[in-house]
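Inside the fold
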Amino acid sequence: MKYGILIVSHVPEIAQGVAQLVAQAAPDISITYTGGTEEGQLGSSFELIQQAVQQNQGTEILAFYDLGSSKMNLEMVQETTTKVIHKFDVALVEGAYTAGTLAQIDSSWTTIAQSLKKLQLRK
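Read on for a plain summary of the structure. Model, not experiment: these values are computed from the prediction.

What counts and how
Residues numbered from 1 in each chain as written. Predicted model: local features only at pLDDT ≥ 70, side-chain atom pairs only at ≥ 80, totals over all residues. Heavy atoms only, no water. Helix = DSSP H or I, 4+ residues; strand = E, 2+ residues; numbered from the N terminus. Buried < 20%, exposed > 50% of the residue type's maximum accessible area, 1.4 Å probe, protein only. Axes fitted to C-alpha atoms, helices over the stretch in contact; angles between N-to-C directions. Parallel < 35°, antiparallel > 145°, perpendicular 65-115°, else oblique. Left-handed = near helix turned anticlockwise from the far one by under 90°. Contact = heavy atoms within 4.5 Å. Nonpolar A, V, L, I, M, F, W, Y, C, P; charged D, E, K, R; others polar. Phe/Tyr/Trp six-rings, centres within 6.5 Å; stacked < 30°, edge-to-face > 60°. Expected span 1.5 Å × (residues − 1). Polar contact = N/O pair within 3.5 Å; in protein donor to acceptor, adjacent residues only side chain to side chain. Pairing = 2+ DSSP bridges. Right-handed = clockwise from strand over helix to strand, strands pointing away.

Glancing now at the environment of glutamate 94. Secondary-structure assignment places glutamate 94 in helix H4 (residues 92-104). Residue classification places glutamate 94 among the partly exposed residues on the basis of a relative accessible area of 46%. Linking glutamate 94 and glutamine 51, residues 43 residues apart in sequence, is a C-alpha distance of 24 Å.

Two packed helices can be described by the angle between their axes and the distance between those axes. Packing of H4 against helix H5 (residues 109-117) leaves a shortest axis separation of 10 Å and a crossing angle of 160°. With respect to each other, H4 and H5 are oriented roughly antiparallel. Considering how the two elements wind past one another, H4 and H5 form a crossing that is right-handed. For the pair formed by H4 and H5, the contact residues are Gly95, Thr98, Ala99, Leu102 and Ala103 on the first element and Thr111, Ile112, Ser115 and Leu116 on the second. Here the contact of H4 with H5 is built from residues that sort into five nonpolar, four polar and no charged.

Moving on, we get to the packing of aromatic side chains. Tallied over the entire structure, the rule returns three aromatic pairs. When the centroid spacing of 5.3 Å and the interplanar angle of 15° are considered together, the rings of phenylalanine 64 and phenylalanine 88 count as stacked. One end of the pair, phenylalanine 64, is in strand S3 (residues 60-65); the other, phenylalanine 88, is in strand S4 (residues 84-88), with 24 residues separating them in the sequence. When sorted by exposure, phenylalanine 64 lands in the same class as phenylalanine 88, which is buried. Each ring, one from phenylalanine 88 and one from tryptophan 109, has its centre 6.2 Å from the other, and the planes form 40°; the classification is tilted. Residue phenylalanine 88 is located in strand S4, and its partner tryptophan 109 is located in helix H5; the two are separated by 21 residues in the primary sequence. We classify phenylalanine 88 as buried; its relative accessible area is 11%. Clustering of aromatic rings is evident, with ring pairs tying together Tyr3, Phe64, Phe88 and Trp109.

This part is about unusual backbone geometry. Even without being glycine, aspartate 106 reaches a positive phi, approximately 60°. With respect to the helices and strands, aspartate 106 occurs in the loop between H4 and H5. Exposure remark for aspartate 106: the relative accessible area of 63% places this residue in the exposed category.

Helix length check: H4, at 13 residues, gives a terminal C-alpha distance of 18 Å against a target of 18 Å (1.5 Å per residue), a fit within 8%. Restricting attention to buried positions, one finds in H4 the residues Leu92, Gly95, Ala96, Ala99, Gly100, Leu102 and Ala103. Of the surrounding elements, those touching the buried residues of H4 are strand S1 (3-9), helix H1 (12-25), S3 and H5. Looking at the residues trailing H4, positive phi occurs at aspartate 106, about 60°.

As a further point, take the side chain of histidine 86. Mapped onto the secondary structure, histidine 86 falls in strand S4. Of the polar contacts made by the side chain of histidine 86, one reaches the side chain of glutamate 60; its length is 2.6 Å.

A separate point is the pairing of S3. The element S3 is extensively covered by neighbouring structure, given that six of its six residues are classed as buried. Residues Glu60, Leu62 and Phe64 point to one face of S3 and Ile61, Ala63 and Tyr65 to the other, with burial holding for every one of them. With six bridges connecting them, S1 and S3 associate as parallel partners. Across the sheet, the residue bridging to isoleucine 7 is phenylalanine 64, located in S3. Two elements, S3 and S4, share five bridges in a ladder whose sense is parallel. Pairing of isoleucine 61 across the sheet is with isoleucine 85, part of S4. Regarding topology, helix H3 (residues 68-80) serves as the crossover connection from S3 to the parallel S4, and that connection is right-handed.

Okay, structure coming up:
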């Protein structure tokens, strides 16, 4: 499997809901998610993100997050894994859904990257 999708949110229910939404459009894509801390609180967790990366079956992971510490922990995981992780600074739902639909139809990396660039939050 070429691409996988990773959803990282501060809220477990948001992470799960976005993953469920993307799975409707991309049933053949590996989608993993994590939300909150190990204690079930709002926040993010390096360990939980690392587990979600390891469980993802994609050879390259398209990663989406919601807030600052999710981004920071995701970046730390990027530095510690051998998997290729592409982190996108786009709206969580729209970005993940766009990536999932494009990956489902086996779009090229160029097509996926250009489509997500149009959704970029920070330039």
